[in-house]
Amino acid sequence: MNGEAYSELKKKLGEKITLVAVSKTKTVEDILALYELGQRDFGENYVQELIDKHAQLPEDIRWHFIGHLQSNKVKHIISFVYLIHGVDSLKLLQDINRRAEQAGRVVDVLLQVHIGREETKFGFDAGELRKMLFMVKQSPGGWANVRIRGLMGMASNTEDPEIVTSEFRGLKALLDQWFPSDGILSMGMSGDYQLAVKEGSTMVRIGSLLFGKRG
Ligand SMILES: *Cc1c(COP(=O)(O)O)cnc(C)c1O
């Protein structure tokens, strides 16, 4: 993406919406080009790729982990990851908390909610989300090294804007219910970020629109 198109997208999103540039499969040079334009938030889906890129790129990049994180891999990214978007089980949250404690950090996370129609997408439903949040609230001392900052979700992969809109609206309602003041709402990708923004997204995860189609 050229500088002009990047500035236009940033302007469209405004100050209140964080742009996470999804750089999975893209090269260090691709990332640096966007970094030079001022971009600092980058999202990756795979642990090994994230480790390699983190080692080669500037220290002030804020690395978001947006993929499905396996518990046994948490330890590899815990020392530097900025925000983990896809926490979808109690076990994963426990492992993040434990590893963060060992690393002497408090790590920010989002809980993933299953809003789309695809069965394969990860995440909690509304009932499971309630259970998780109650459990955490009951023993705040037990969770001293994670901070649940908000929610993340992916809408169905469909051309129908009404379906996508209603899924985003449902996620926003859950955010308002559980994080009424300053929750982070990570929703919207290249194909649906405009609908997401309309429905109250505070963080969009955009890959192909910035970097071109992935091979
Ligand atoms: C790949 C990916 C994105 C970015 O998708 P684009 O359509 O390229 O913008 C956003 N969020 C998640 C979780 C992803 O895996």
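Preceding this section is the structure that the text describes.
Everything quoted here is computed from the prediction, not taken from an experiment.

### Some words on the overall build of the chain
When helices and strands are tallied, the chain shows nine helices and eight strands. Against the compact-globule benchmark of 17 Å for 215 residues, the chain has a radius of gyration of 17 Å, which places it among compact chains. Each principal axis of the C-alpha distribution contributes one length, and for the chain these read about 50 × 40 × 30 Å. The burial tally for the chain puts 48% of its 215 residues in the buried class. The long-range fraction of contacts in the chain, counting pairs at least 24 apart against all pairs at least 6 apart in sequence, stands at 57%. Per element, the accessible surface of the chain, about 10900 Å² overall, is 49% carbon and sulfur.

### Section: the site of the ligand
In the neighbourhood of the ligand, 13 residues make up the surrounding shell, with Lys-24, Asn-45, Ser-190, Gly-207 and Ser-208 lying closest. Take Lys-24: an N or O atom from its side chain is 2.7 Å from an oxygen atom of the ligand. Taking 390 Å² as the accessible area of the ligand by itself, protein coverage stands at 90%. Taken together, the residues that form the shell around the ligand break down as six nonpolar, four polar and three charged.

### Let's talk about the pairing of strand β4 (residues 83-87)
Taking burial as the measure, the five residues of β4 include five buried ones, the bulk of the element. Bridge count for strand β3 (residues 62-65) against β4 is two bridges, and the pairing is parallel. In the strand pairing of β4, Phe-65 is matched with Ile-84. Sheet topology places β4 next to strand β5 (residues 107-113); three bridges connect them, and they run parallel. Within β5, the position partnered with Ile-84 by the bridge is Val-109. The handedness of the β4 to β5 crossover, carried by helix α5 (residues 90-103), is right-handed.

### A few points about the environment of Thr-25
Positionally, Thr-25 belongs in the loop between β1 (18-22) and α2 (28-36). Between the C-alpha atoms of Thr-25 and Val-146, which are 121 residues apart in sequence, the distance is 28 Å.

### Concerning helix α6 (residues 126-138)
In this model α6 runs 18 Å from its N-terminal to its C-terminal C-alpha over 13 residues, within 8% of the 18 Å that 1.5 Å per residue would give. Within the span of α6, buried status applies to Leu-129, Met-132, Leu-133 and Val-136. Down the axis, α6 shows its buried residues gathered within 90° of arc, on one side only. In α6, the exposed positions that point more than 90 degrees away from the buried face belong to Lys-131 and Gln-138. Among the residues of α6, the N-terminal cap falls to Asp-125, whose side-chain oxygen and the backbone nitrogen of Gly-127 are separated by 3.0 Å.

About the thresholds
- Residues numbered from 1 in each chain as written.
- Predicted model: local features only at pLDDT ≥ 70, side-chain atom pairs only at ≥ 80, totals over all residues.
- Heavy atoms only, no water.
- Helix = DSSP H or I, 4+ residues; strand = E, 2+ residues; numbered from the N terminus.
- Rg over C-alpha atoms; globule rule 2.2 N^0.38 Å.
- Buried < 20%, exposed > 50% of the residue type's maximum accessible area, 1.4 Å probe, protein only.
- Contact = heavy atoms within 4.5 Å.
- Areas by Shrake-Rupley, 256 points an atom, 1.4 Å probe, with all protein chains shown as cover.
- Near = heavy atom within 4 Å.
- Polar contact = N/O pair within 3.5 Å; in protein donor to acceptor, adjacent residues only side chain to side chain.
- Nonpolar A, V, L, I, M, F, W, Y, C, P; charged D, E, K, R; others polar.
- Pairing = 2+ DSSP bridges.
- Right-handed = clockwise from strand over helix to strand, strands pointing away.
- Expected span 1.5 Å × (residues − 1).
- Arc of directions from axis to C-beta.

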